[in-house]
2 protein chains.
Amino acid sequence: MTEASAEHRAPRRIALCVKYAGAGFYGFQRQPGLRTVQEGLELAWAAVSGEKVVMHASGRTDSGVHAWGQVVHFSTWSDLPAQQIRRAINAFLEDDVAVRAAALCDPDFHSNASALGKHYVYLCAHGDTRPVLRKGTVAWHRKEFDLKAMREGAQYLIGRHDFKAFAAAKRSSKTTVRSIHSIHIQPMRGGTAFHFRGGGFLYRQVRNMVGSLWDVGMHKHAPIWLHHVLQSGDRKKAGPTAPAEGLYLWRVFYPSDPFADYRRSAKNRIL
Amino acid sequence: MTEASAEHRAPRRIALCVKYAGAGFYGFQRQPGLRTVQEGLELAWAAVSGEKVVMHASGRTDSGVHAWGQVVHFSTWSDLPAQQIRRAINAFLEDDVAVRAAALCDPDFHSNASALGKHYVYLCAHGDTRPVLRKGTVAWHRKEFDLKAMREGAQYLIGRHDFKAFAAAKRSSKTTVRSIHSIHIQPMRGGTAFHFRGGGFLYRQVRNMVGSLWDVGMHKHAPIWLHHVLQSGDRKKAGPTAPAEGLYLWRVFYPSDPFADYRRSAKNRIL
């Protein structure tokens, strides 16, 4: 490459689709002295390319929260094809985090700012004994829930609302108004799966909604109670926060899916 | 209770159906200074009852090997009903081991000596990236196997044979003749599941058979090769030993199932 072309060259923007098991991390975001997903990815890329980059995620996930489809972007001067970027980074990652797909994307693609919405999944096992073979990757609730009651209650949460009552007390966003597009609650073998799709979620909102749905599913409250909690805007009126170990950032939606090619070729894998 | 009745009283024999995730244990059998399932169960029972007992398993499992249905028996003078024994022991166990069921059984029931056979399951995930969300609980093999070839090869292993070629080199049993009743190899979402049912298995036999089946599934050898390996009685002719993390002791069979009541009431849970 000539100097002239180098002058006109711009860095490339790469998007990564990342999965990780939350148990071994203090969340996504870098924190001094603690093992985080961000640091793992940045160190792996430095080992591959010698570049020090910042890996920007679609949103931070808390300590213990998992991801199946976290989206991360970074800028690089490297010429490595996206497929090789994926393999090279994976070679430097430990066994609880992996890049499922890497893609070259528009220079203005931003994992957080470009996102249209997210899909979260919450998994909860039932039964008399702990789900020891899924330790750290599902929550546990001895008794099965009343699905009908929970589904009825969930209807009150769908739509554009002020979710202040389901926001973590500590953090304040500029606005606590968010849109939930759908909530699906499905029995799975040995447990219950909760699917939340929405334009965006407040800090701890999904875990707080799950905890309140559980209260309805155990008949501690009637379904309409969720409407009253929502209206109250009072976190203290809502149910408990469901544990982190059941929560998965499943997918992030963009106007143009950076991983469309990957999805076309890959099978629908749960592992 | 009077002294006279105490004299005529015999200890009760209790059978436990135990599940555990192998990653955190140095196998089932007690070893000084190492965390084992046996020690965990014995300490839990001591905490419950004050009794020091020996917990006898249907067979030891290696470090890293899981159980969904390990069977353990012990003798006790305690009058605690079986259901309460289960709950009490679980209260003193950590989160990677649990007693699924406890049952009062015949005084001559022996978890190992009474066993008619066993069912082992081996789980292997496929895909370009590690199964990070099933870390330690499945093996990983990038490419999918040729199921047809593996199933054809597996037929040579079924029946009563000298399995010396698939026995661990180190240990010598009195005889290396064993009977395999069935081998089922099934695709599962994102992976392959191997089911082995037989009268008993040699040390490492299942993992050695799985490793050799993989060689057939990857077309490294033709299916008939398994017949030649078996005939040779030579461990060095067989394939590699599949990793411990994919192996589950799924169920132990007895002339009279100690947990028949439990199985009738419980749903078929995978967690």
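Keep in mind it's a predicted model, so treat the numbers as computed, not measured. (Residues numbered from 1 in each chain as written. Chains lettered and ligands numbered in written order. Predicted model: local features only at pLDDT ≥ 70, side-chain atom pairs only at ≥ 80, totals over all residues.)

Caption draft 1: The arrangement of the overall build of chain A in detail. Helix and strand counts for chain A stand at 7 helices and 10 strands. Projected onto its principal axes, the C-alpha coordinates of chain A cover approximately 70 × 40 × 40 Å. Taken over 271 residues, chain A has a buried fraction of 42%. Sequence separation of at least 24 residues holds for 72% of the intrachain contacts in chain A that already meet a minimum separation of 6. (Helix = DSSP H or I, 4+ residues; strand = E, 2+ residues; numbered from the N terminus. Buried ≥ 20, exposed ≤ 12 C-beta atoms within 10 Å, placed from the backbone. Contact = placed C-beta atoms within 7 Å.)

Caption draft 2: Quick look at the domain arrangement of chain A. All names here are of chain A. When cut into domains, chain A gives domain 1 (9-114) and domain 2 (119-250). Placing a centre on the C-alpha atoms of domain 1 and another on those of domain 2 gives a separation of 28 Å. Listed per partner, the contact involves 13 residues of domain 1 and 8 residues of domain 2. Here the side of domain 1 that touches domain 2 is built from residues that sort into 5 nonpolar, 7 polar and 1 charged. (Domains from an automatic or database assignment. Nonpolar A, V, L, I, M, F, W, Y, C, P; charged D, E, K, R; others polar.)

Caption draft 3: Region of interest: the interface of chain B and chain A. Facing the 29 residues of chain B at the interface are 29 residues of chain A. Breaking the side of chain B that touches chain A down by element, the ones donating at least two residues are strand 1 (12-20), strand 3 (66-76) and strand 4 (97-105) of chain B. When residues of the side of chain B that touches chain A are assigned to their parent elements, the largest contribution, 4 residues, is made by strand 4 of chain B.

Caption draft 4: Broad picture of the pairing of strand 10 (residues 247-253) of chain B. All names here are of chain B. In terms of residue burial, strand 10 counts as a mostly covered element, since 5 of its 7 residues are buried. Sheet analysis places strand 3 next to strand 10, joined by 2 bridges and oriented parallel. Counted as the bridge partner of Ala 67 is Leu 249 from strand 10. When strand 5 (residues 117-125) meets strand 10, the two strands line up antiparallel, connected through 6 bridges. For Lys 118, the partnering residue across the bridge sits in strand 10 and is Val 252. (Pairing = 2+ DSSP bridges.)

Caption draft 5: Structural view of the relation of the copies chain B and chain A. Under the fitted operation, chain B is carried onto chain A by 0.0 Å of movement along the axis and a turn of 180 degrees, and the coordinates agree to an RMSD of 0.0 Å. In symmetry terms, the pair is related by a two-fold rotation axis. For chain B, the residue whose C-alpha comes nearest the rotation axis is Arg134(B), separated from it by 3.9 Å. The fraction of interface residues of chain B whose copies in chain A are also interface residues reaches 100%, indicating that both copies meet through the same surface. (Least-squares fit on C-alpha atoms with pLDDT ≥ 70 in both.)

Caption draft 6: Structural detail: helix 5 (residues 205-217) of chain B. Residue and element names in this part refer to chain B. The terminal C-alpha atoms of helix 5 lie 18 Å apart, and with 13 residues this matches the ideal 18 Å at 1.5 Å per residue to within 8%. In terms of burial, helix 5 is largely enclosed, as 11 of its 13 residues are buried. For helix 5, the full list of buried residues reads Gln 205, Val 206, Arg 207, Asn 208, Met 209, Val 210, Ser 212, Leu 213, Trp 214, Val 216 and Gly 217. Looking at the packing, one finds that the buried side of helix 5 touches strand 5, helix 4 (147-154), strand 9 (191-198), helix 6 (225-232) and strand 10. A positive backbone phi angle near 65 degrees is found at His 219, which sits one or two residues after helix 5. (Expected span 1.5 Å × (residues − 1).)

Caption draft 7: Looking closely at unusual backbone geometry. Backbone geometry at His219(A) places phi at a positive 65 degrees, although glycine is not the residue there. Within the element layout of this structure, His219(A) appears in the loop between helix 5 (205-217) and helix 6 (225-232).

Caption draft 8: Seen up close, the packing of helix 4 (residues 147-154) of chain A against helix 5 of chain A. All names here are of chain A. Remark: helix 4 packs on helix 5, axes separated minimally by 8 Å, with the N-to-C direction vectors making an angle of 130 degrees. Taken together, the axis directions place helix 4 and helix 5 in an arrangement best described as oblique. Between helix 4 and helix 5 lies a crossing of right-handed hand. Of the residues in helix 5, those in contact with Ala 149, Met 150, Gly 153 and Ala 154 of helix 4 are Leu 213, Val 216 and Gly 217. Class assignment for the residues of the contact of helix 4 with helix 5 results in 5 nonpolar, 2 polar and no charged. (Axes fitted to C-alpha atoms, helices over the stretch in contact; angles between N-to-C directions. Parallel < 35°, antiparallel > 145°, perpendicular 65-115°, else oblique. Left-handed = near helix turned anticlockwise from the far one by under 90°.)

Caption draft 9: Region of the structure containing helix 2 (residues 37-49) of chain B. Compared with the 18 Å implied by 1.5 Å per residue over 13 residues, the 18 Å span of helix 2 of chain B between its first and last C-alpha is a close match. Remark: Gly50(B) follows helix 2 of chain B within two positions and exhibits a positive phi of approximately 80 degrees.

Caption draft 10: Main features of the confidence of the model for chain A. Model confidence for chain A is summarised by a mean pLDDT of 93, while 93% of its residues fall at 70 or above. In the model output, the complex is listed with pTM 0.91 alongside ipTM 0.88. (pLDDT = per-residue confidence, 0-100.)

Caption draft 11: Geometry of the environment of Phe145(A). Residues and elements named next belong to chain A. Turning to its location among the elements, Phe 145 is positioned in the loop between strand 6 (139-140) and helix 4. In the structure, Phe 145 is positioned 62 residues away from Arg 207 in sequence and 16 Å away in space, judged by C-alpha atoms. Not counting the four nearest positions on each side in its chain, Phe 145 is found in contact with Met 150, Thr 192, Trp 214, Gly 217 and Met 218.

Caption draft 12: Spotlight on the environment of Val138(B). Along the chain, the position of Val138(B) falls in the loop between strand 5 and strand 6 (139-140). Once the C-alpha coordinates of Val138(B) and Tyr122(B) are considered, the two residues, 16 residues apart in sequence, prove to be 7.9 Å apart.

Caption draft 13: Local environment of the environment of Thr175(B). With respect to the secondary-structure elements, Thr175(B) resides in the loop between strand 7 (159-162) and strand 8 (177-188). In sequence terms Thr175(B) and Lys164(B) are 11 residues apart; their C-alpha atoms lie 8.7 Å from each other.

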